[in-house]
Amino acid sequence: MRELQVTIKHTPTIIKATERYVSEEPYKRNVGRSKKGYELYAPDDESPQAKENKRCSISNSKSTFKGIVHANYYYHFCMLTLTFDPACNFNVQDFITCRGKFDLFWRSLKRCKKLAEVDLRYVGAIEFQQNDNIHFHILCRIPKQYKKLLQSKWKYGGLHYEESFGKAEDSPKIANYLTKGIYDKRLPTGKKRFLGGHGLDRPTVVKFNTPKIIDYMVDRNGEILTQHENEYATSLLLSNQMYNNPSMINLC
């Protein structure tokens, strides 16, 4: 038996409405201690089921990442682009090595007394360039006055700093830009494809069993930013003009 479920995820700038049919039977998952490290999903074979599980896992990670971006980076923030010098004495195309260098860099920022009062929470994406070298895109709120300090701390190559005061319509554009390489086959299986997100706000999630809520939201929000449909669900991304509006919550 399947029933209609409409899931609403809303943030200060974006509302995502997803309509799909779900099974009434509870989903049973293997229990046990979670693995530490960067593991995302590592299939033991290339069976169709393994490929589908991997696709779903990556898709869920992408959705979670976009939700964090929408919920946190809709006003004054900056984007850091970190690249590696090919002359480095390590392999600048190795995922684990480059990820480790980034972790060392960010830990050095946390230890820096000049940044003691700065919000160092961040989200980021790992990408491969056309020449197979790795680089990072990081969203954070480090003021521009610390640009030279950041450049001095990143000892492995170039650091580009770009400041943005943010607009509502920028949030989905930035999220799409940061997730454009998530399905890159050069990214190793079983490793997290996004960085950070700890301590940041998450979207508010509300669930309904009627599609009328979507019509109500379209009327209230006006602009539909994107619409996506596949064999599993139909999703709408709308500009949010009703954040903190209790009328939506009262429809629960």
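All of these numbers come straight from a predicted model, not from anything done at the bench.

S.K.: Looking at this structure, I do not really get helix α5 (residues 212-221). What am I missing?
M.R.: Residues spaced three or four apart along an α-helix face the same direction, because each turn holds 3.6 residues. If you check which residues of α5 are buried, you get Ile 213, Ile 214, Met 217 and Asn 221. Down the axis of α5, the buried set is contained in an arc of 100 degrees. They therefore lie on one face. Residues Lys 212, Asp 215 and Asp 219 are exposed on α5 and point more than 90 degrees away from its buried face. Residues of α5 that are buried in the fold lie against β1 (2-10), β2 (14-23), β8 (204-208) and β10 (233-239).

S.K.: Whenever I open this one, the pattern of salt bridges confuses me. Can you help?
M.R.: Oppositely charged side chains can pair when the atoms bearing their charge come close. Considering all chains together, one arrives at five salt bridges under this definition. Note that Asp 184 is salt-bridged to Arg 186, the shortest N-O span being 2.9 Å. One continuous salt-bridge network, built from bridges that share partners, spans Asp 132, Asp 184 and Arg 186.

S.K.: Would you mind showing me how to read unusual backbone geometry here?
M.R.: A positive phi angle is found at Asp 132, which is not glycine, with a value near 75 degrees. Its location among the elements puts Asp 132 in the loop between β4 (123-128) and β5 (134-140). The class for Asp 132 is partly exposed, based on a relative accessible area of 32%.

S.K.: In this structure, what is going on with the pairing of β10? I would like to understand it.
M.R.: Counting buried positions along β10 yields six of seven residues, so the element is predominantly enclosed. Of the strand pairs in this sheet, β2 and β10 are connected by seven bridges, and their pairing is antiparallel. When the bridges of β10 are listed, Arg 20 appears paired with Ala 233. Across five bridges, strand β9 (residues 224-229) lies against β10 in antiparallel orientation. Along β10, the bridge assignment pairs Thr 226 with Leu 237. Here β9 folds back onto β10, and the loop between the two strands holds three residues.

S.K.: Would you explain the side chain of Arg 193 in this entry?
M.R.: Here Arg 193 shows up in the loop between α4 (170-178) and β7 (194-196). One buried charge, Arg 193, has no salt-bridge partner; the nearest side chain with opposite charge is Asp 184, at 7.2 Å. Polar side-chain contacts of Arg 193 include one of 2.5 Å to the backbone oxygen of Ile 182.

S.K.: Whenever I open this one, the packing of aromatic side chains confuses me. Can you help?
M.R.: Each aromatic ring pair is characterised by the separation of its centres together with the angle its planes make. Inspection of the entire model under this criterion finds 16 aromatic pairs. Where Trp 154 meets Tyr 156, the ring centres are 5.1 Å apart and the plane angle is 80 degrees; that geometry is what we call edge-to-face. Assessed through its relative accessible area of 2%, Trp 154 is described here as buried. Three or more aromatic residues joined by ring pairs make a cluster, and in this case those are Phe 84, Phe 90, Phe 102, Phe 105, Trp 106, Tyr 122, Phe 136, Trp 154 and Tyr 156. In this structure, Lys 101 packs its charged tip against the face of Phe 90, placed 4.8 Å from the ring centre. The positively charged end of Arg 141 is found above the aromatic ring belonging to Tyr 75, 4.2 Å away from the centroid.

The rules behind the values
- Within each chain, residues carry numbers counting from 1 in the order of the written sequence.
- The predicted origin of the model limits local features to residues at a pLDDT of at least 70 and limits the giving and counting of side-chain atom pairs to 80 or more, whereas totals for whole chains, interfaces and linings rest on all residues.
- Excluded from the side-chain calculations are hydrogens and water; all other atoms, namely the structure's heavy atoms, are used.
- When a residue's accessible area, from a 1.4 Å probe over protein chains only, is under 20% of the maximum for its type it is buried; when over 50% it is exposed; and in between it is partly exposed.
- Each helix corresponds to a stretch of at least 4 residues labelled H or I by DSSP, and each strand to a stretch of at least 2 residues labelled E; elements are numbered beginning at the N terminus.
- Note that the arc is defined by the directions from the helix axis to the C-beta atoms.
- Contacts were defined at the residue level, with two residues in contact if any of their heavy atoms lie within 4.5 Å.
- Salt bridges are identified by distance alone: a Lys or Arg side-chain nitrogen within 4 Å of an Asp or Glu carboxyl oxygen.
- When DSSP finds at least two bridges between two strands, those strands are taken to pair.
- The sign given to each residue is positive for Lys and Arg and negative for Asp and Glu; His and the chain ends receive no count.
- Pairs of N or O atoms are called polar contacts if they sit within 3.5 Å, as long as, within protein, a hydrogen donor faces a hydrogen acceptor (for residues adjacent in sequence, only side-chain-to-side-chain pairs).
- Each Phe, Tyr or Trp ring, with Trp reduced to its six-membered ring, pairs with another whose centre is within 6.5 Å; inter-plane angles below 30 degrees give stacked pairs, above 60 give edge-to-face pairs, and intermediate values give tilted ones.
- Charge-over-ring contacts are defined here by two conditions on Lys NZ or Arg CZ: a distance within 6 Å of the ring centre and an angle within 35 degrees of the ring normal.

What is shown is where atoms sit, not what they do.
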